[in-house]
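Notes for the structure review
Given next are the chains, with one letter for each unit.
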Amino acid sequence: MRRAYIPLCLALCLGCVSGALPQGFAENPAYRSARGPIPVRNLRPYSLLFLQFTPESPDLLPAGKSRFALQLDLANNTLIPDPQEGATVIEDHELQRLLLMWRQGIDANTEAGVFLPILWRNGGILDNIINGWHDLFGIRGTPDTPAGRTGYRLYRSLVYLKDARGEVRVDRDNAFGWGDVSATLKRRLMPATPRSALAMRVGVKLPTGNPGLLLGSGGADIGLCVDTRYSLGRNIILFGSAGGILMSRATHVPDSLRGLAQFLLAVEYRPNSRDSFLWQIDGSGAAVRTGSRFADRAHVIGTFGYRRVLDRHLVLSLSFSENGDYQNYTTPILGQVGPDFTASMGLEWNP
């Protein structure tokens, strides 16, 4: 939670230096409507292998309108629970993900979307910075790293799994390439109003990533998700999503499941027509059973986000996500298994 002040400070600085509204600014649809949740997801390596619906509003683009977006995520994964939990799990690396998103309004009640990720798993640059931050606030061992972060080599890139019988099931280091492409079709379920909206998404994920490098599962997934929006007033908007995924077995990961559920809860506060502050909780079941009781808990991350309408075409997004570290895993609904932290920056273009 304390780390959430970083993007908040950036957001406030940006607000201070921004100029007056440019001519034609009100033509950007984000100026008039709720901007919706930040499109982040749990970037734990096994979660990335399978379909997961990106958090978004149930509102649709008008027929014939397009929206393009780029998002850069930087996630530091440090998950090394006690082997006495049932298996030896080591996930110690950083992941950079560039997500290309395209949406198209088909008709008054239908919207299509395509999502293409580019992934780079490596040792990263942030280990020493995070260790210093933990030392500053007296954070030592936590359930995801009971020995403490300083007990391990800095800047390594490792995804390792040894089961309770002593058999090594996964041993991977650096990787770079395309991930699995996914596509969605969103359909309005009731007439949208300024007060509320309800829509359903059907999604499919195709095996375009390299499963040998843990950049894809090697199979196709399909899922269904229902999204809702409800305004408590002019400035406070609630969002919720619930869905289910049917998954193919991962070809290079043991004991992947055939299905899981996911959910999203988010609140957006709009102090003015340009800025939005968001707090959201995104969760799902574990897609892979490692055999470690801790690592196989639910995957839940908490995200603080900020959106700003820059001009008639562009919307900027900044966010910061935490796993259960920030509340020492005492409140599972607020954060459980996931990256130690994820920082994201996105830019959305409305032609």
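Residues numbered from 1 in each chain as written. Predicted model: local features only at pLDDT ≥ 70, side-chain atom pairs only at ≥ 80, totals over all residues. Heavy atoms only, no water.

Quick look at the overall build of the protein
Broken down by element type, the protein carries 3 helices and 15 strands. When each of the 351 residues of the protein is scored for burial, the buried share is 53%. For the protein, contacts bridging at least 24 residues in sequence account for 68% of all contacts bridging at least 6. Of the roughly 14,800 Å² of accessible surface on the protein, a fraction of 63% belongs to carbon and sulfur atoms. (Helix = DSSP H or I, 4+ residues; strand = E, 2+ residues; numbered from the N terminus. Buried < 20%, exposed > 50% of the residue type's maximum accessible area, 1.4 Å probe, protein only. Contact = heavy atoms within 4.5 Å. Areas by Shrake-Rupley, 256 points an atom, 1.4 Å probe, with all protein chains shown as cover.)

Structural notes on the environment of Arg289
Mapped onto the elements of the fold, Arg289 is located in the loop between strand 12 (275-284) and strand 13 (299-309). With a relative accessible area of 38%, Arg289 lands in the partly exposed category. Sequence separation between Arg289 and Tyr46 is 243 residues; the distance between their C-alpha atoms is 9.7 Å. For Arg289, the contacting residues outside a window of four places in its chain are Pro254, Asp255, Leu257 and Asp296. A polar contact of 3.1 Å, which involves the side chain of Arg289, links it to the backbone oxygen of Asp296. (Polar contact = N/O pair within 3.5 Å; in protein donor to acceptor, adjacent residues only side chain to side chain.)

A short note on the pairing of strand 9 (residues 221-231)
Of the two faces of strand 9, only one is covered, namely that formed by Asp221, Gly223, Cys225, Asp227, Arg229 and Ser231; the face formed by Ile222, Leu224, Val226, Thr228 and Tyr230 stays uncovered. Note: strand 8 (residues 196-205) against strand 9, 10 bridges, orientation antiparallel. Bridging from a neighbouring strand, Ser196 pairs with Tyr230 of strand 9. Linking two consecutive strands that pair antiparallel, namely strand 9 and strand 10 (residues 236-246), is a turn of 4 residues. (Pairing = 2+ DSSP bridges.)

Thoughts on the pairing of strand 8
Sheet topology note: the strand 7 (residues 182-190)/strand 8 ladder contains 8 bridges and is antiparallel. Paired with Met190 across the two strands is Leu198, which belongs to strand 8.

Describing the side chain of Ser344
The topology assignment puts Ser344 in strand 15 (residues 341-349). Sequence-distant contacts of Ser344, that is, excluding residues within four places in its chain, are made with Val40, Gln71, Leu72, Asp73, Ser317, Leu318 and Ser319.

Section: the environment of Pro45
Within the element layout of this structure, Pro45 appears in the loop between helix 2 (29-32) and strand 1 (66-79). Distance in space between the C-alpha atoms of Pro45 and Val159 is 7.9 Å, their sequence separation being 114 residues. If we skip the residues at most four places from it in the chain, Pro45 touches Asn77, Glu91, His93 and Val159.

Things to note about the pattern of salt bridges
For the coordinates displayed, the defined rule picks out 19 salt bridges. The shortest N-O distance in the salt bridge between Asp59 and Arg229 comes to 2.8 Å. Here Asp59, found in the loop between helix 2 and strand 1, pairs with Arg229, found in strand 9; they are 170 residues apart in sequence, far enough to count as distant. Residue class for Arg229 comes out buried when judged on its relative accessible area of 6%. Taking the shortest distance from any N to any O, the salt bridge between Arg169 and Asp163 comes out at 3.5 Å. Accessibility expressed as a relative area gives 31% for Arg169, which makes it partly exposed. (Salt bridge = Lys/Arg side-chain N within 4 Å of Asp/Glu carboxyl O.)

Side note on the nonpolar core
Across soluble globular proteins, nonpolar side chains have a tendency to be buried as a group. In this structure, Tyr46, Phe50 and Val253 are the most contacted members of the largest nonpolar core, which totals 24 residues. Excluding its chain neighbours within four sequence positions, the residues that come into contact with Phe50 are Arg41, Lys205, Ser217, Asp221, Met247, Ser248, Ala250, Ser256, Ala287 and Val288. Within the second largest apolar cluster, 7 residues are counted, among which are Ala75, Leu119, Ala175 and Leu215. (Core = buried A, V, L, I, M, F, W, Y, C linked by side-chain atoms within 4.5 Å.)

Considering a nonpolar patch on the surface
Judged by side-chain polarity, Ile106, Leu185, Val202, Val204, Leu206, Ile222, Leu224 and Leu246 come together as a nonpolar surface patch covering roughly 690 Å² of accessible area. At the level of elements, strand 8 and strand 9 are the ones that each hand at least two residues to the nonpolar patch. Among the structural elements, Ile106 can be located in strand 2 (residues 88-107). A relative accessible area of 49% means that Ile106 is categorised as partly exposed. (Patch = residues over 30% accessible without salt bridge, like charges linked within 9 Å, V, L, I, M, F, W, Y side chains within 5 Å.)

Section: the confidence of the model for the protein
Should the pLDDT be low somewhere, the predicted coordinates at that spot are not to be read in detail. Across the protein, the average pLDDT comes to 88, with 88% of residues at 70 or higher. Contacts of residues 1-26 to residues separated by more than four positions or lying in other chains number 47 contacts, the stretch itself having pLDDT below 50. (pLDDT = per-residue confidence, 0-100.)

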